[in-house]
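Each chain, letter by letter, is given below.
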Amino acid sequence: MNGQRRGHPPKPAQLDDVSKKIIEQLQADGRRSYAEIGKAVGLSEAAVRQRVQKLTDSGVMQVVAVTDPMQLGFFRQAMIGIRASADTRVLAEQLAAIDAVDYVVLTAGTFDILAEVVCEDDDELLELLNSKIRNLEGVLSTETFVYLKLRKQFYNWGTR
């Protein structure tokens, strides 16, 4: 269990103020050059590059391009609540392997798992639900929350 005690979250990474500022710079603009970031945080370009590499290698952060599904022809997004009768960890891995599923989280409460999906249209969503998700062993029931309009999706909450 990665050196952690059962039921306890892993120890959070300890970031100094400079690393936090680098992350905030990249959250504002992931294409910002290391030289620009260096000027903003008081480090050389090489030092910023090294810190960013350590932050990504350790899994503390990722630098990725975020697309707008609607602009790419994926007009149906939904969150699917899943009630399970099997090991939710196994079920979550199976869900994560489905291309249309972009987010999987194990939860406590009404649903055992929440899975966000991105589909081209309602027909694809229906096919995904009936042929893939509901057919997985251990799925007791699903409830689908269709997105009507996405009002906010940002990844710049900072490092606190």
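The coordinates are above.
None of the values given here were measured: they were computed from a predicted structure.

Colleague: Any chance you could explain the overall build of the protein chain here in plain terms?
Modeller: Helix and strand counts for the protein chain stand at five helices and four strands. Its helices and strands in sequence order give the protein chain the pattern α-α-α-β-α-β-β-α-β, from N to C terminus. A globule of 160 residues ought to have a C-alpha radius of gyration of about 15 Å, yet the protein chain, at 20 Å, is considerably larger. The C-alpha extent of the protein chain, read off along each of the three principal axes, is 55 × 45 × 20 Å.

Colleague: So what exactly am I meant to see when it comes to the side chain of glutamine 77 here?
Modeller: Tracing the backbone shows glutamine 77 in strand 1 (residues 76-84). The class for glutamine 77 is buried, based on a relative accessible area of 9%.

Colleague: Please clarify how the environment of arginine 49 should be interpreted in this entry.
Modeller: By secondary structure assignment, the location of arginine 49 is in helix 3 (residues 45-57). Taking C-alpha positions, arginine 49 is 17 Å from alanine 28, a pair spaced 21 residues apart along the chain.

Colleague: Just to check I follow, could you spell out helix 5 (residues 122-133) for this structure?
Modeller: Note that an α-helix has 3.6 residues per turn; residues three or four places apart therefore point the same way. Residues of helix 5 that are buried include every one of Leu125, Leu128, Leu129 and Ile133, and no others. The buried residues of helix 5 occupy an angular sector of 95 degrees when the element is viewed end-on, so they sit on one face. Its side-chain oxygen 3.2 Å from the backbone nitrogen of aspartate 123, aspartate 121 forms the N-cap of helix 5.

Colleague: What is the right way to read the pattern of salt bridges from this model?
Modeller: Close approach of charged atoms allows side chains of opposite charge to pair. Applying the stated criterion to the full structure yields five salt bridges. In this structure, the salt-bridge partner of aspartate 29 is arginine 31, at a minimum N-O distance of 3.8 Å. Residue classification places aspartate 29 among the partly exposed residues on the basis of a relative accessible area of 27%. The exposure class assigned to arginine 31 is exposed, which follows from its relative accessible area of 76%. Across the salt bridge formed by aspartate 122 and arginine 76, the nearest N and O atoms sit 2.5 Å from each other. Of the two residues, aspartate 122 is situated in helix 5 and arginine 76 in strand 1; the sequence distance between them amounts to 46 residues. Taking the relative accessible area as the measure of exposure, arginine 76 reaches 17% and is therefore buried.

Colleague: I would appreciate a short explanation of the pairing of strand 2 (residues 101-106) in the present structure.
Modeller: A regular strand carries its side chains on alternate faces of the sheet. Where strand 2 meets strand 3 (residues 113-119), five bridges bridge the pair, whose relative direction is antiparallel. Directly across from leucine 106, in strand 3, lies its bridge partner isoleucine 113.

Colleague: Could you clarify how one ought to interpret the packing of aromatic side chains in this entry?
Modeller: Remark: the centre distance and the inter-plane angle together describe each pair of aromatic rings, the angle taken between the planes. Scanning all chains against the criterion turns up one aromatic pair. Both rings, one in phenylalanine 111 and one in phenylalanine 145, keep their centres 6.0 Å apart while their planes meet at 85 degrees; by these two values the pair is edge-to-face. In this pair, phenylalanine 111 sits in the loop between strand 2 and strand 3 while phenylalanine 145 sits in strand 4 (residues 139-146), placing the two residues 34 residues apart along the sequence.

Colleague: Quick question: what am I supposed to make of a nonpolar patch on the surface here?
Modeller: A contiguous nonpolar surface patch, about 310 Å² in accessible area, is contributed by Val64, Val66 and Tyr155. Along the polypeptide, tyrosine 155 turns up in the segment after strand 4. We classify tyrosine 155 as partly exposed; its relative accessible area is 47%.

Colleague: Explanation requested: helix 4 (residues 88-96) in the structure shown.
Modeller: Along helix 4, the residues classified as buried are Leu91, Ala92 and Leu95. Within helix 4, the buried residues cover an arc of 100 degrees as seen down the axis, which keeps them to one side. Projecting away from the buried face of helix 4 at angles above 90 degrees are the exposed residues Arg89 and Glu93. In the core, the buried residues of helix 4 are packed alongside strand 1, strand 2, strand 3, helix 5 and strand 4. For helix 4, the capping residue at the N-terminal end is aspartate 87, with a side-chain oxygen 2.9 Å from the backbone nitrogen of arginine 89.

Parameters and conventions
- Residues numbered from 1 in each chain as written.
- Predicted model: local features only at pLDDT ≥ 70, side-chain atom pairs only at ≥ 80, totals over all residues.
- Heavy atoms only, no water.
- Helix = DSSP H or I, 4+ residues; strand = E, 2+ residues; numbered from the N terminus.
- Rg over C-alpha atoms; globule rule 2.2 N^0.38 Å.
- Buried < 20%, exposed > 50% of the residue type's maximum accessible area, 1.4 Å probe, protein only.
- Arc of directions from axis to C-beta.
- Polar contact = N/O pair within 3.5 Å; in protein donor to acceptor, adjacent residues only side chain to side chain.
- Salt bridge = Lys/Arg side-chain N within 4 Å of Asp/Glu carboxyl O.
- Pairing = 2+ DSSP bridges.
- Phe/Tyr/Trp six-rings, centres within 6.5 Å; stacked < 30°, edge-to-face > 60°.
- Patch = residues over 30% accessible without salt bridge, like charges linked within 9 Å, V, L, I, M, F, W, Y side chains within 5 Å.
- Areas by Shrake-Rupley, 256 points an atom, 1.4 Å probe, with all protein chains shown as cover.
- Contact = heavy atoms within 4.5 Å.

From the geometry alone we can't say anything about function, so treat these as descriptive.
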